[in-house]
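Summary of structural features
Below, each chain spelled out in residue letters.
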Amino acid sequence: MSKRQLAMVMDLNKCIGCQTCTVACKTQWTNRNGREYMYWNNVETYPGTGYPKNWMDLGGGFDAAGDLKEGVIPNIEADYGVPWDFNYEDVGTYNYTKGDATPAFHADSTPTWGPNWDEDVGKGNFPSDNYFFYLPRICNHCTNPGCLSACPRDAIFKRDQDGVVLVDLDRCQGYRYCIAGCPYKKIYFNSKISKSEKCILCFPRIEQGLPPACAQQCVGRIRFVGFLDDTEGQVYKLVTKYKVALPLRSDYGTQPNVYYVPPTEAPAKFDAEGRIIEGSQRVPMTELELLFGKPVHAAIKTIKSEKEKRAKTGESELMDILIAYHHADMFRLDTNYYQDVAKASGNKNPLAPIDDRYSKGKFTADFSLPFVDEKPHGEGNKTEGNAHA
Amino acid sequence: MRNITKSLLVATSLATVAFAKPIVTPSGVITASKVGSINLASVSTSSSMWSGSKPTSIVLYPQTTIKLNDKKGNAVNSDAKAKMAQIQAVYSGSTIAFKLTWSDATNNTMAKNASDAYADGFATQIPVNYSDPKKLPYIGMGSDGRPVVVHIAKSIPAYFEPNGNKDVASQLATNMVNAFGEDLKKNRAAIAKLSKQYHKAFISEGFRSLTEIKDGSDKSGMSMTYDAKTKKWTAVIAQSLSASSGAVPVAFAIWDGSKYNRGGVKNLSSWTAVKLQGKSGGEALIAELTSKPKGDAKAGQVQVEAMCVSCHTTSATKVASSPYMAPGLKNIGGYTTSAYLAESIKDPSAVIVPGYNRNAHKNFKWYELDAKTGKRTSTMPPMMTDDKSINDAVAYLKTLKAEVEK
């Protein structure tokens, strides 16, 4: 367990599935260098197969005795989806007169699966009782991470200062036991560099006081970011004070640190004549219980009663928080915290204030980042071949 | 009726006693012939330097000491067999080279965009210090205070690894680069130049502590080629060696990508003596690594099954209460030495490896860790003290190993 834990709350009542978070993450981190197929942030339709396909059935996490469970490593074609590209280069030299059945401009592979292949499908029958909601997912930066536990190389670490779970790319040798061990399948294999990679909670951003890109860009303002022990923070209030934000599949035993405000309001069902069935709910509680456990009942009750209170009295702290009047209030990252940590440890590297494990291993030669050590690289053996991310 | 039952029982117990079968010598002594010179950069399988070197067969056993968490891999390897490899060795001055040949039905490389494919590969392991042949490092990549140097080659396509050389721009996909035609070709060539083969050297004091040597102190050359006709891999490695005496202990490992092999899921040999032709010394090491167990395996089995099996799995039927309880012993006779087994029975804390990630199986910690000194003390008490019992147990444990694949 880390000394402090940074957490995110996502309000599912407000997620419209626009994928702006997905795109923010993709353009920031995963559109290059072997990461093209990865979605560190994705928004899936629930109920649905999710991303990767049927991730909830792929094992990992811990059993009741606390033993790490076996897991399956998803296949890129069948379970993730191949990031196809187009033949831009051939278009200029293509012989348009030969009457080819394949269009001149075409994808370089025929995908059979991909993220959101079943977007908006959901369950039930239209129009009487069909339903779905969106489930945005990032790495849960678990308190008891399955990926970290599975690594036979100690290549995954959890930062003491904020609980962010990271892969030490210097130690990672691409064995992929972490993928089997993560019950959320939120760690991915990069075959181009032969290493595992995952959501880094935008640590270079949070260290400078900026929220993760997915949270900053969220147009629905569904994402709150802050330290769990910061009693003034909205994350604390939602998770601990009002207990309306709940971890996803906590039964996996990894103690995830992304919390969800469960879908509270769903339209009523229709009868055969298309009339509203009073008091009915399209989203079955059994589904919500599967995702968020028994406490989902209390959470929904609290939200409903606070909503009522707000309607009657015009006052409710919880409703004010969930309405998210001021975007800035949703993120309490305490910029000085990271700077103070760096100062206390005598670390003068402004781009890595609290951890330099990306560039140091026990038997690796001492190594300084170029902006600290102005010596040109490749001078002698000292820096040759050294890795840092 | 009673007699039949009795004879059946006898037959069953005989069948489970592996010593009833002839013991295959796990490893002979490999003789490294002396050659004029070895060029690390251009070491190849077809070099003429191999012509005077006689191949020695060694057996590589499936690693079953720890159980990893890959469901498909565990299913495929639940009854993994041992494999035979032919080893040739040559040396020159302070360089030694090995040529390995082994059968593998499939040529597995990791294709582009593979998320769940694994590559074939091989490795050599040499202790940093081997002056006491009775105290060689633990076979699973060394142990506390007994480091080993491991060289690994994997048959994966050349890949780019972040390297701190300010060439991050070359990570971009070509459709994101502002270059066309000839410029794009140049850009691709530049990227290709940054890619390299998976040929790595590591230093390690027990599995999990494996750390890549990146300070330029390791000099080695590796290559591996697959012959689709004979369905065999031939691999070569040349590496520096500071041998003071005439024999060196070396261990080998091979990975079969089609069986989800990677990391700890592999076949490995026991420490094998390599005699440096024309160099004196090393007799004690050779004697130790080729010695036959002195004890009575049958008596040893009775003891081991009474004292060890509640924690250690020794066969498909003699299973520990949890697979994570203690190191599995199904192939322990295949890849460890008699001296190691004797040492570990007498003093379980003598050789301790970092073991499982301690977070993975919290109820089975294997050892106590002193937070201040980092010293590990085994949770296993010393089991036997008299030499007779230890020798008997060792003789039995040496019989625990998988059959060799036909």
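Residues numbered from 1 in each chain as written. Chains lettered and ligands numbered in written order. Predicted model: local features only at pLDDT ≥ 70, side-chain atom pairs only at ≥ 80, totals over all residues. Heavy atoms only, no water.

**What to know about the overall build of chain A**
- Within chain A one finds 12 helices and 11 strands.
- Based on the C-alpha atoms only, the size of chain A along its principal axes is roughly 80 × 70 × 45 Å.
- In chain A, once contacts between residues fewer than 6 apart in sequence are set aside, the share between residues at least 24 apart is 66%.
- As displayed, chain A has an accessible area near 17,000 Å², and 54% of this comes from carbon and sulfur atoms.
- The average position of the 46 basic charges and that of the 50 acidic charges among the side chains of chain A differ by 3 Å. (Helix = DSSP H or I, 4+ residues; strand = E, 2+ residues; numbered from the N terminus. Contact = heavy atoms within 4.5 Å. Areas by Shrake-Rupley, 256 points an atom, 1.4 Å probe, with all protein chains shown as cover. Lys, Arg positive; Asp, Glu negative; His and termini not counted. Charge placed at Lys NZ, Arg CZ, Asp CG, Glu CD.)

**Let's talk about the interface of chain B and chain A**
- Residue-level contacts link 58 residues of chain B with 60 residues of chain A.
- With both chains or domains summed, chain B and chain A bury close to 5,100 Å², and 46% of this area falls on carbon and sulfur atoms.
- The interface formed by chain B and chain A includes three salt bridges.
- Of the charged contacts, one joins A:Glu70 and B:Lys67 as a salt bridge, the two residues approaching to 3.4 Å between their closest N and O atoms.
- Of all elements in the fold, only α2 (71–76), β6 (148–159), α3 (181–194), β7 (196–204) and β8 (211–212) of chain B reach the threshold of two or more residues within the side of chain B that touches chain A.
- With four residues, the top contributor of residues to the side of chain B that touches chain A is β7(B).
- Residue classes in the side of chain B that touches chain A are distributed as 22 nonpolar, 18 polar and 18 charged. (Buried area = accessible area lost by both parts, 1.4 Å probe. Salt bridge = Lys/Arg side-chain N within 4 Å of Asp/Glu carboxyl O. Nonpolar A, V, L, I, M, F, W, Y, C, P; charged D, E, K, R; others polar.)

**Brief notes about the pairing of strand β3 (residues 133–137) of chain A**
Residues and elements named next belong to chain A.
- Of all five residues in β3, five are buried, a share of seventy percent or more.
- With burial as the criterion, each face of β3 is covered, one bearing Phe133, Leu135 and Arg137 and the other bearing Tyr134 and Pro136.
- As paired elements, strand β2 (residues 42–46) and β3 share five bridges and run antiparallel to each other. By the bridge assignment for β3, Val43 is matched with Pro136. (Buried < 20%, exposed > 50% of the residue type's maximum accessible area, 1.4 Å probe, protein only. Pairing = 2+ DSSP bridges.)

**Here we look at the domain arrangement of chain B**
All names here are of chain B.
- Split by domain assignment, chain B resolves into domain 1 (22–290) and domain 2 (297–397).
- Its C-alpha centre places domain 1 at a distance of 27 Å from the equivalent point of domain 2.
- Each partner contributes residues to the interface: domain 1 has 27 residues there, and domain 2 has 26 residues.
- With both chains or domains summed, domain 1 and domain 2 bury close to 2,200 Å², and 55% of this area falls on carbon and sulfur atoms.
- Across the pair Arg376 and Asp144 runs a salt bridge, and its minimum N-O distance is 2.7 Å.
- Seen at the junction of domain 1 and domain 2, the total is 11 residue pairs in polar contact (both at pLDDT 80 or more).
- For the side of domain 1 that touches domain 2, the secondary-structure elements that each account for two or more residues are β2 (56–62) and α4 (283–290). (Domains from an automatic or database assignment. Polar contact = N/O pair within 3.5 Å; in protein donor to acceptor, adjacent residues only side chain to side chain.)

**A closer look at helix α9 (residues 285–292) of chain A**
Residue and element names in this part refer to chain A.
- Along α9, the residues classified as buried are Glu287, Leu288, Leu291 and Phe292. All buried residues of α9 lie within an arc of 105° about the axis, which places them on one face of the element.
- Buried residues in α9 make contact with β2, β3, β9 (246–247), β10 (258–261) and α10 (296–313).
- At the C-terminal side of α9, Gly293 shows a positive phi close to 80°. (Arc of directions from axis to C-beta.)

**Thoughts on the side chain of B:Arg262**
- Looking at where B:Arg262 falls in the secondary structure, it is placed in the loop between β11 (247–255) and β12 (267–268).
- Excluding its chain neighbours within four sequence positions, the residues that come into contact with B:Arg262 are A:Ile73, A:Tyr175, A:Arg176, A:Tyr177, B:Asp70, B:Tyr118 and B:Trp255.

**Describing the sheet that holds β10(A)**
Residues and elements named next belong to chain A.
- If you walk across this open sheet you meet the five strands as β9-β10-β1-β8-β11, and the pairing is mixed. The open sheet has two free edges, formed respectively by β9 and β11 (331–332), since each of these has just one partner strand.
- Sheet analysis places β9 next to β10, joined by two bridges and oriented antiparallel. Residue pairing in the sheet places Pro247 in a bridge with Tyr259 of β10.
- In this fold helix α8 (residues 234–241) packs onto β1 (6–11), β8 (223–227) and β10, with an angle of close to 90° to the strand it touches most, β8. (Axes fitted to C-alpha atoms, helices over the stretch in contact; angles between N-to-C directions.)

**Quick notes on the confidence of the model for chain A**
- Chain-level statistics for chain A give a pLDDT mean of 88 and a share of 91% at 70 or above.
- This stretch, residues 359–389 of chain A, has a pLDDT under 50; its non-local contacts, to residues over four places away or in other chains, come to 60 contacts. (pLDDT = per-residue confidence, 0-100.)

**What about the pattern of salt bridges?**
Residue and element names in this part refer to chain B.
- The full count for this structure, using the stated rule, is 35 salt bridges over all chains.
- Residue Asp392 is joined to Lys388 by a salt bridge in which the shortest nitrogen-to-oxygen separation is 2.3 Å. Separated by four residues within a single helix, Asp392 and Lys388 lie in helix α8 (residues 387–397), roughly one turn from each other.
- Relative accessible area serves as the criterion here: at 4%, Asp392 is assigned to the buried category.

**Digging into the packing of aromatic side chains**
All names here are of chain A.
- By the definition in use, this model includes 29 aromatic pairs over all chains.
- Between Phe132 and Tyr134, the ring centres sit 5.5 Å apart and the planes meet at 70°, which makes this aromatic pair edge-to-face.
- Judged by centre distance (6.3 Å) and plane angle (65°), the ring pair of Tyr175 and Tyr177 falls under edge-to-face. For the pair Tyr175 and Tyr177, one class covers both residues: buried.
- Grouping aromatic residues by their ring pairs yields a cluster made of Tyr37, Tyr39, Tyr51, Tyr80 and Tyr188. (Phe/Tyr/Trp six-rings, centres within 6.5 Å; stacked < 30°, edge-to-face > 60°.)

**Quick look at the nonpolar core**
Residue and element names in this part refer to chain B.
- In this structure, Phe98 and Phe122 are the most contacted members of the largest nonpolar core, which totals 190 residues.
- At eight residues, the largest contribution of residues to this core is made by β11.
- Counting residues domain by domain, this core receives three or more from each of domain 1 (22–290) and domain 2 (297–397).
- Discounting residues that sit within four places of it in the chain, Phe98 has contacts with Trp50, Ile87, Gln88, Ala89, Thr124, Ala235, Val236, Ile237, Gln239, Val250, Phe252 and Val274.
- In this structure, Val35, Val90, Ala97 and Val236 belong to the second largest nonpolar core, which totals nine residues. (Core = buried A, V, L, I, M, F, W, Y, C linked by side-chain atoms within 4.5 Å.)

**A few points about the packing of helix α5 (residues 297–307) of chain B against α8(B)**
Residue and element names in this part refer to chain B.
- The contact between α5 and α8 brings their axes to 7 Å, and the two run at 95°. By the angle class used here, α5 and α8 are roughly perpendicular. Between α5 and α8, the contacting residues are Ala297, Ala299, Gly300, Gln301, Gln303, Val304 and Glu305 on the first element and Ser389, Asp392, Ala393, Ala395, Tyr396 and Leu397 on the second.
- Along the lines of polarity and charge, the residues of the contact of α5 with α8 split into seven nonpolar, four polar and two charged. (Parallel < 35°, antiparallel > 145°, perpendicular 65-115°, else oblique.)

**Quick word on unusual backbone geometry**
Residues and elements named next belong to chain A.
- Put simply, Tyr46 and Pro47 share a cis peptide bond, and its omega is 0°.
- Looking at where Pro47 falls in the secondary structure, it is placed in the loop between β2 and α2 (76–80).
- Residue Pro127 is reached from Phe126 by a cis peptide bond, and omega for that bond is 0°.
- With respect to the helices and strands, the residue Pro127 is situated in the loop between α3 (88–91) and β3.
- Despite not being glycine, Arg221 shows a phi value in the positive range, around 50°.
- Locating Arg221 in the fold gives a position in the loop between α7 (213–217) and β8.

**Considerations on the pairing of β1(A)**
Residue and element names in this part refer to chain A.
- For β1, the tally of buried residues reaches six of six residues, placing the bulk of the element in the interior.
- Residues Leu6, Met8 and Met10 line one face of β1 and the alternating positions Ala7, Val9 and Asp11 line the opposite face, and both faces are buried.
- In the sheet, β1 pairs with β8 via five bridges, with the strands oriented antiparallel. If you follow Met10 over to β8, its bridge partner there is Arg223.
- One ladder, built from four bridges, connects β1 with β10; its direction is parallel. In the strand pairing of β10, Met8 is matched with Val258.

**Re the environment of A:Thr93**
- Along the chain, A:Thr93 falls in the loop between α3 and β3.
- Distance from A:Thr93 to A:Ala104, taken between C-alpha atoms, is 9.8 Å for residues 11 residues apart in sequence.

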